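# An overview of the molecular structure
Each chain, letter by letter, is given below.
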Amino acid sequence: MQTLPPVQPGVTRAAPATSKPPFYRVLWVQVLIAMLLAIVLGYVDPARAVAMKPLGDAFIRLITMIITLIIFCTVVTGIAGMENLKKVGRVGGMALLYFEVVSTIALLIGLLVGNVVKPGSGFNVNIATLDAKAVADYAGQAKAQSVTDFLMHIIPTTVVDAFAKGDILEVVFIALLFGFALSAVGTRAKPLVDLVNSFTHVVFEVTRLLMKFAPVGAFGAMAYTVGRFGLASLGPLAKLIGTFWLTSMLFVVIVLGAIAWAASFSIFRFLAYIKEEILLVLAVSSSEVAIPTLMAKLEKLGCSKSLVGLVVPTGFTFNTDGTSLYMTMAALFVAQATNTHLTLTQQLTILAVAVLTSKGASGVQGASFIALVATLSVIPTIPVAGMALILGIDRFLSMFRALVNMIGNGVATLVLARWEGELDSDTLRQRLARQG
């Protein structure tokens, strides 16, 4: 047996090169296998598949319980790490402008596709036959928000209440205040900034441990979806589902692809880089579960920690591309299915209201459906009860809705980092080149 020579004092022996882990230990492979097994179980034994729901719910709760801490720490350290407060304001302003422009483009595309494809034509639904009670609970939660209401919602009742409710927008507001205060105090606050930095590393390590349960969560969520709603339920509304899925994919490839190309990176290589997050979001129909690992991966791509900490959390509230596509297209579907004629003015009104109601609808399951109900309520001629038509398939729509939201925020962060000179181009090129 060969023996290694003794190590001389003061000399460190190089660690042996680590071999690539077997494919079955790679996270995205495990998640994909879990999804395929869940689909089979949902088809073969729907009752048992529905019983798997707690697995998906538990994983989502595990991730969401840590998200507010991640957002608070990264936003605080991000602002404290900026050179000056003027830069924070400039980055924030550019981010909000970018978010609004791209989200509005998504709303317009949803409106255009809805008018051209007409996914609801031919249904000729009689409103009296719809189950209005099925939408009643959502209608009770929905109300049209004014600008004042939206701004007031940003301010939490107490600091603790924001974390207890898990409201991302409120946590971002608190983190901004703390970040500005630490930056204003200067060197005297350095020990506290270092403490928050250290705590951030601990929180991300907790996230890394929790992500080991991602395949279990994906299995539970996908098994429930197929078992509860069934693949057969896709049939009557296949045109709407297919139209939305195809539009979502084209939006990512063409619109986000063009933006990525202008920022000198390939959208396809970026998608390959975040394949674990893509599969996970598709499985659980929530973009929130991808926030922690997406932020870590964006930093590894060369984005500065301060910019990632500032842009990503706000993006998940204000940059809702998938929700925007869904809201205008689904609104037109309900109108077409119930033979409700909409004038150009009414369609533009839906567009204008959706600009506001779509904000804050990212991540949480069902939030986009509630936001759509609130949007339709401003056009009395559209029967809100018509939402019952898509209630049963909303889970299938939310898969791609959440996916586009997540991808859009990843692209936005890279673009803004490029604009602000907060991106290491060599690191970005090298890491994405490995995905080719």
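Before reading further, recall that the structure is shown in the block above.
Rules used throughout
- Residues numbered from 1 in each chain as written.
- Predicted model: local features only at pLDDT ≥ 70, side-chain atom pairs only at ≥ 80, totals over all residues.
- Heavy atoms only, no water.
- Helix = DSSP H or I, 4+ residues; strand = E, 2+ residues; numbered from the N terminus.
- Contact = heavy atoms within 4.5 Å.
- Areas by Shrake-Rupley, 256 points an atom, 1.4 Å probe, with all protein chains shown as cover.
- Core = buried A, V, L, I, M, F, W, Y, C linked by side-chain atoms within 4.5 Å.
- Buried < 20%, exposed > 50% of the residue type's maximum accessible area, 1.4 Å probe, protein only.
- Phe/Tyr/Trp six-rings, centres within 6.5 Å; stacked < 30°, edge-to-face > 60°.
- Patch = residues over 30% accessible without salt bridge, like charges linked within 9 Å, V, L, I, M, F, W, Y side chains within 5 Å.
- Salt bridge = Lys/Arg side-chain N within 4 Å of Asp/Glu carboxyl O.
- Axes fitted to C-alpha atoms, helices over the stretch in contact; angles between N-to-C directions.
- Parallel < 35°, antiparallel > 145°, perpendicular 65-115°, else oblique.
- Left-handed = near helix turned anticlockwise from the far one by under 90°.
- Nonpolar A, V, L, I, M, F, W, Y, C, P; charged D, E, K, R; others polar.

Across its full length, the chain carries 21 helices and 0 strands. Pairs at least 24 residues apart make up 84% of the contacts formed inside the chain by residues separated by at least 6 positions. For the chain, the computed accessible surface area is about 20,000 Å², with 66% contributed by carbon and sulfur atoms.

Grouped together as the largest cluster of nonpolar side chains are 133 residues, with contacts concentrated most on Phe265, Met406 and Ile407. Here the element with the most residues in this core is helix H20 (residues 394-419); it accounts for 15 residues. Those residues in contact with Met406, other than ones at most four positions away along the chain, are Ile274, Glu277, Ile278, Val281, Ser287, Ala290, Leu294 and Phe316.

This next bit is on the packing of aromatic side chains. Following the criterion strictly, the structure yields 7 aromatic pairs and no others. Summarising the aromatic geometry, the rings of Phe72 and Phe178 are spaced 5.6 Å apart at their centres and angled 70° between planes, so their arrangement reads as edge-to-face. Here Phe72 is found in helix H3 (residues 53-81), whereas its partner Phe178 is found in helix H8 (residues 168-185), with 106 residues between them in sequence. Among the residues examined, Phe72 registers a relative accessible area of 17% and is labelled buried. Seen from their ring centres, Tyr98 and Trp419 are 6.1 Å apart, and the 75° between their planes marks the pair as edge-to-face. Note that Tyr98 is positioned in helix H4 (residues 85-117) and Trp419 in helix H20, a separation of 321 residues in sequence. Residue classification places Tyr98 among the buried residues on the basis of a relative accessible area of 7%.

A cluster of nonpolar residues, Leu246, Met249, Leu250, Val253, Ile254 and Phe268, forms a patch on the protein surface that exposes about 570 Å² of accessible area. Broken down by element, the nonpolar patch gets its largest block of residues, 5 residues, from helix H11 (residues 238-262). Tracing the sequence through the fold places Phe268 in helix H12 (residues 267-273). Taking the relative accessible area as the measure of exposure, Phe268 reaches 53% and is therefore exposed.

The next point concerns the packing of helix H16 (residues 321-337) against helix H17 (residues 344-357). Running from N to C, H16 and H17 point in directions that differ by 140°, and their axes come no closer than 10 Å. Here H17 runs oblique to H16, going by the angle between their axes. In this structure, the crossing between H16 and H17 has a hand that is right-handed. Taken together, the residues of H17 that come into contact with H16 (itself represented by Met327, Thr328, Ala331 and Leu332) are Gln347, Ile350, Leu351, Ala354 and Thr357. A per-class count over the contact of H16 with H17 returns 6 nonpolar, 3 polar and no charged.

Moving on: unusual backbone geometry. Positive phi values are uncommon outside glycine, yet Lys118 reaches one of about 50°. In this fold, Lys118 is placed in the loop between H4 and helix H5 (133-141). With a relative accessible area of 40%, Lys118 lands in the partly exposed category.

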